[in-house]
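Summary of structural features
Chain residues, written in single-letter form:
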Amino acid sequence: MGRIGIFGGTFNPPHRGHISVAKQAIYLLELDKLLLIPASVPPHKTLPENSPSTLQRLELVQLAFGDIDRTEISDLELRRQGHSYTADTVEELHRMYPEDELFLIMGTDMFTSFMKWYQPERICRYVTLAVFMREDKDSHSAGEMQKLAEEIRQKLGGKVELVGNDILPMSSTDVRRMTAFGGAQEILPENVYRRICDLNLYGVREDYRGLPMDELERQVVSLLDPKRVPHVLGCRDMAVRLAERYGVDLTDAARAGLLHDITKAVPPQLQVTLCQAHHVPTEEYAHENPKTLHAFTGALVARKIFGENEAVTRAIFSHTTGCGDMDTLQKIIYIADYVEMNRDFDGVEELRAMAFENLDKAMLMGLHMTVDLLIQQGRVVSQNSLNAIATLENSNFVTA
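What comes next is a walk through the structure.

Rules and cut-offs
Residues numbered from 1 in each chain as written. Predicted model: local features only at pLDDT ≥ 70, side-chain atom pairs only at ≥ 80, totals over all residues. Heavy atoms only, no water. Salt bridge = Lys/Arg side-chain N within 4 Å of Asp/Glu carboxyl O. Core = buried A, V, L, I, M, F, W, Y, C linked by side-chain atoms within 4.5 Å. Buried < 20%, exposed > 50% of the residue type's maximum accessible area, 1.4 Å probe, protein only. Helix = DSSP H or I, 4+ residues; strand = E, 2+ residues; numbered from the N terminus. Contact = heavy atoms within 4.5 Å. Axes fitted to C-alpha atoms, helices over the stretch in contact; angles between N-to-C directions. Nonpolar A, V, L, I, M, F, W, Y, C, P; charged D, E, K, R; others polar. Pairing = 2+ DSSP bridges. Polar contact = N/O pair within 3.5 Å; in protein donor to acceptor, adjacent residues only side chain to side chain. 1 Å grid on protein atoms, 1.4 Å probe; cavity = no way out; pocket = protein on both sides within 12 Å on 5 of 7 lines; lining within 4 Å. Points joined across faces, edges and corners; volume = space filled by probe spheres on them. Left-handed = near helix turned anticlockwise from the far one by under 90°. Right-handed = clockwise from strand over helix to strand, strands pointing away. Expected span 1.5 Å × (residues − 1). Arc of directions from axis to C-beta.

Another aspect to go through is the pattern of salt bridges. What the rule picks out here adds up to 20 salt bridges. Through salt bridges with shared partners, one network takes in Asp88, Glu91, Arg95 and Arg122.

And the structure:
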């Protein structure tokens, strides 16, 4: 009896993370064969606009995995009409390999939603669920996975194998964003990246520079996590109101507000990769505090990909920590990000009112609130924030 792995997905596009999963699955599960099965019409998601055709995705998968031993690419789901249900796929594979043990490979995100899949009990009839989870996951997460595995065993009679591994989390959505930001060549197999360029897929050759405001908004929204869209549009609107109050260019304020979180959805490891792709060194503080990396990479993308001017990119760069000698637009974006109308925390209304009364006082209030919180959490305070506070405290804004 052989051991056969099943690795499905949209592979839109196939990337180095997929290849790492494939290689580790073969090794850790001692597989005789790993089947790569691109999905045609996944029931749980809609393929993004301008996705490659099914035949193009199949070609990219063949390029990505063609040289890996013990792998086989199957068009089983691409030939199927309608939605690609995993239950149908594993039943068909069981008929093809009746004497072999089948392992369905998945990550923890897919595993946590497994009980809501179409006919999960039918899936469990034919395969062992091989759940790949990072070995450095905290004990709480590992405990939750063990609890869910036991629930599946008890309720569905399923077999579950939790597989510790060292694969960094990376989604195809991340890769599509990195393609737009000019960093995908670092995380795609070279032959896959070349073919994507040849076919002009995923906006790899699209020119985002100097977009009209409505088109800029459309493109930005398409690159954000959907949950962040209200905040970004709220920051844009607040920045314009503050720009009107303080006599700053409204277009610069709107564009900086739209783009300030443009790379927020990219995982920290890939933000570092993005900097490497553009040959730009990152600050040590950003590495130690990865939540601030998006300000650095956001400014980089705004300048290099969207062609924004220095005033806009400077405002994006300083919007998380502030810095010494900030100009008015920088202060506006920092505060707009802090107090846009979707924000809700103790003191926000006072800070929001102060922003329209005295921008420098609002800056100082916001900076102190952030620094106090970081100290309470035992985290390092950015020198840029300390410089911003020192500059403001030494200014004459109190009598303004």
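One recurring pattern in soluble globular proteins: nonpolar side chains tend to sit buried together. Of all hydrophobic cores here, the largest spans 91 residues; its most connected members are Leu29, Phe65, Ile105, Phe306 and Ile335. The element best represented in this core is helix α16 (residues 328–339), accounting for 8 residues. Ignoring anything within four residues of it in the chain, the contact list for phenylalanine 65 reads Phe11, Pro14, His18, Ile19, Ala22, Leu36, Thr71 and Ile73. Judged by nonpolar contacts, the second largest core, of 27 residues, contains Leu76, Phe114, Tyr126 and Met145.

With that out of the way, let us pick up the packing of helix α10 (residues 229–246) against helix α17 (residues 348–357). At a closest axis distance of 9 Å, the pairing of α10 and α17 adopts a crossing angle of 35°. Where α10 approaches α17, its residues Met238, Arg241, Leu242, Arg245 and Tyr246 are matched on the opposing element by Arg352, Met354, Ala355, Phe356 and Glu357. Among the residues making up the contact of α10 with α17, the classes are represented as 6 nonpolar, no polar and 4 charged.

The subject of this paragraph is the sheet that holds strand β4 (residues 101–107). Strand order in the open sheet made by the 6 strands is β3-β2-β1-β4-β5-β6, with parallel pairing throughout. Edge positions in the sheet fall to β3 (71–73) and β6 (159–165), since each has one partner strand and no second. Neighbour to neighbour, the strand axes of the sheet diverge by 30° on average, direction disregarded. Pairing of strand β2 (residues 33–38) with β3, which is carried by 3 bridges, proceeds in the parallel orientation. Looking at β3, one finds that leucine 36 is bridged to isoleucine 73.

Residue position: arginine 236 is located in helix α10. Reaching out from arginine 236, the side chain makes a polar contact with the side chain of glutamate 217 at a distance of 3.1 Å.

Our next topic: empty space enclosed by the protein. Evaluated as defined, the whole model comprises 1 cavity of 30 Å³ or more. What the largest cavity holds in volume is close to 100 Å³. Every residue along the wall of the largest cavity is listed here: Glu283, Tyr285, Ala286, Thr292, Ala295, Phe296, Phe317, Thr320, Thr321, Ser382 and Asn384. Looking at the lining of the largest cavity, the elements that each hand over two or more residues are α13 (284–288) and α14 (293–304). In terms of residue class, the lining of the largest cavity is made up of 5 nonpolar, 5 polar and 1 charged.

Two elements in contact, helix α12 (residues 268–277) and α14, have axes whose closest approach is 10 Å; the angle formed by their N-to-C orientations is 40°. Classified by chirality, the crossing of α14 by α12 is left-handed. For the pair α12 and α14, contact is made by Pro268, Gln271, Val272, Leu274 and Cys275 and by Leu293, His294, Phe296, Thr297, Leu300 and Val301, respectively. Each residue belonging to the contact of α12 with α14 can be placed in one class, and the counts come to 8 nonpolar, 3 polar and no charged.

This next bit is on the pairing of strand β1 (residues 3–9). One ladder, built from 4 bridges, connects β1 with β4; its direction is parallel. Within β4, the residue paired with arginine 3 across the bridge is glutamate 101. Pairing of β1 with β2, which is carried by 6 bridges, proceeds in the parallel orientation. Its bridge partner lying in β2, isoleucine 6 is registered against leucine 35. What joins β1 to β2 is helix α1 (residues 16–28), and the crossover it makes is right-handed.

Our focus in this paragraph is helix α18 (residues 359–376). Between its first and last C-alpha atoms α18 spans 26 Å; for 18 residues at 1.5 Å apiece the expected length is 26 Å, and the two agree. Along α18, the positions that sit buried rather than exposed are Leu359, Asp360, Ala362, Met363, Leu364, Gly366, Leu367, Val371 and Leu374. The distance from a side-chain oxygen at the start of α18 to the backbone nitrogen of aspartate 360 is 3.2 Å, and the residue carrying that oxygen is asparagine 358. Positive backbone phi, at 70°, marks glycine 378, one or two positions downstream of α18.

As for its placement among the helices and strands, histidine 18 is situated in helix α1. Residues within four places of histidine 18 in sequence aside, it is in contact with Phe7, Phe11, Pro13, Phe65 and Ser172.

Looking now at helix α15 (residues 310–317). Within α15, burial applies to Val312, Thr313, Ala315 and Ile316. With its buried residues spanning 160° around the axis, α15 presents them on a single face. Elements in contact with the buried residues of α15: α11 (250–259), α14 and α16. Two or three places before alanine 311, at the opening of α15, asparagine 309 has a side-chain oxygen 3.1 Å from that residue's backbone nitrogen.

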